[in-house]
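Observations on the model geometry
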Amino acid sequence: MRSEAATIDIDTMRAAAAEACRLMKVLANPDRLLLLCQLAEGERCPSDLEAALGIVQPTLSQQLGVLRDEGLVATRREGKHIHYRLSSERARAVMQMLYSQFCQPSIA
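Residues numbered from 1 in each chain as written. Predicted model: local features only at pLDDT ≥ 70, side-chain atom pairs only at ≥ 80, totals over all residues. Heavy atoms only, no water.

1. A short note on the overall build of the protein chain
When its secondary structure is counted, the protein chain shows 5 helices and 2 strands. What you see in the protein chain, going N to C, is helices and strands ordered as α-α-α-α-β-β-α. Taken over the C-alpha trace, the protein chain has a radius of gyration of 17 Å; the compact-globule value for 108 residues is 13 Å, which it surpasses by more than 25%. With respect to the three principal axes, the spread of C-alpha positions in the protein chain is 60 × 45 × 20 Å. Counting every position in the protein chain, which comprises 108 residues, the buried fraction comes to 26%. Residue pairs at least 24 apart in sequence account for 49% of intrachain contacts in the protein chain once pairs closer than 6 positions are excluded. When the accessible surface of the protein chain is totalled, it reaches about 7,700 Å², and 56% of it is carbon and sulfur. Between the mean site of the 13 positive side-chain charges and the mean site of the 13 negative ones, the protein chain shows a separation of 2 Å. (Helix = DSSP H or I, 4+ residues; strand = E, 2+ residues; numbered from the N terminus. Rg over C-alpha atoms; globule rule 2.2 N^0.38 Å. Buried < 20%, exposed > 50% of the residue type's maximum accessible area, 1.4 Å probe, protein only. Contact = heavy atoms within 4.5 Å. Areas by Shrake-Rupley, 256 points an atom, 1.4 Å probe, with all protein chains shown as cover. Lys, Arg positive; Asp, Glu negative; His and termini not counted. Charge placed at Lys NZ, Arg CZ, Asp CG, Glu CD.)

2. Some remarks on the packing of helix H3 (residues 46-53) against helix H4 (residues 57-69)
Here H3 crosses H4 at 115°, and the two axes come no closer than 10 Å. The handedness of the crossing between H3 and H4 is right-handed. Between H3, through Pro46, Leu49 and Glu50, and H4, the contact on the second element is made entirely by Gln57, Leu60 and Leu64. Considered class by class, the residues forming the contact of H3 with H4 number 4 nonpolar, 1 polar and 1 charged. (Axes fitted to C-alpha atoms, helices over the stretch in contact; angles between N-to-C directions. Left-handed = near helix turned anticlockwise from the far one by under 90°. Nonpolar A, V, L, I, M, F, W, Y, C, P; charged D, E, K, R; others polar.)

3. Things to note about the packing of helix H1 (residues 10-27) against helix H5 (residues 89-102)
Running from N to C, H1 and H5 cross one another at 60°; their axes reach a closest spacing of 11 Å. With respect to their mutual orientation, H1 and H5 come out oblique. The handedness of the crossing between H1 and H5 comes out as right-handed. Contact residues: H1 offers Glu19, Leu23 and Leu27, while H5 offers Arg90, Ala91, Val94 and Met95. (Parallel < 35°, antiparallel > 145°, perpendicular 65-115°, else oblique.)

And the structure:
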């Protein structure tokens, strides 16, 4: 018999699974993933992101909007310029894991 303390709260697990799936759906888009990779390194303005990644302005704006709506990035205005930064610690942790698995130079 299981003790009460060891019982897993299935409602809590379902909520956590739904939240994880939502994050993974956002990360499943290559443009958004590239944007998050850049923002994990530090704050960037859209023109810097466009130049670094080659994502054209309409797509860039759309994908940054999705990331902002999902609470993964935040903005800061400086004059006419808007700067984006990664604001989700969960997304940062996932990006670090993805980087370690897929972006580390291979040692031959």
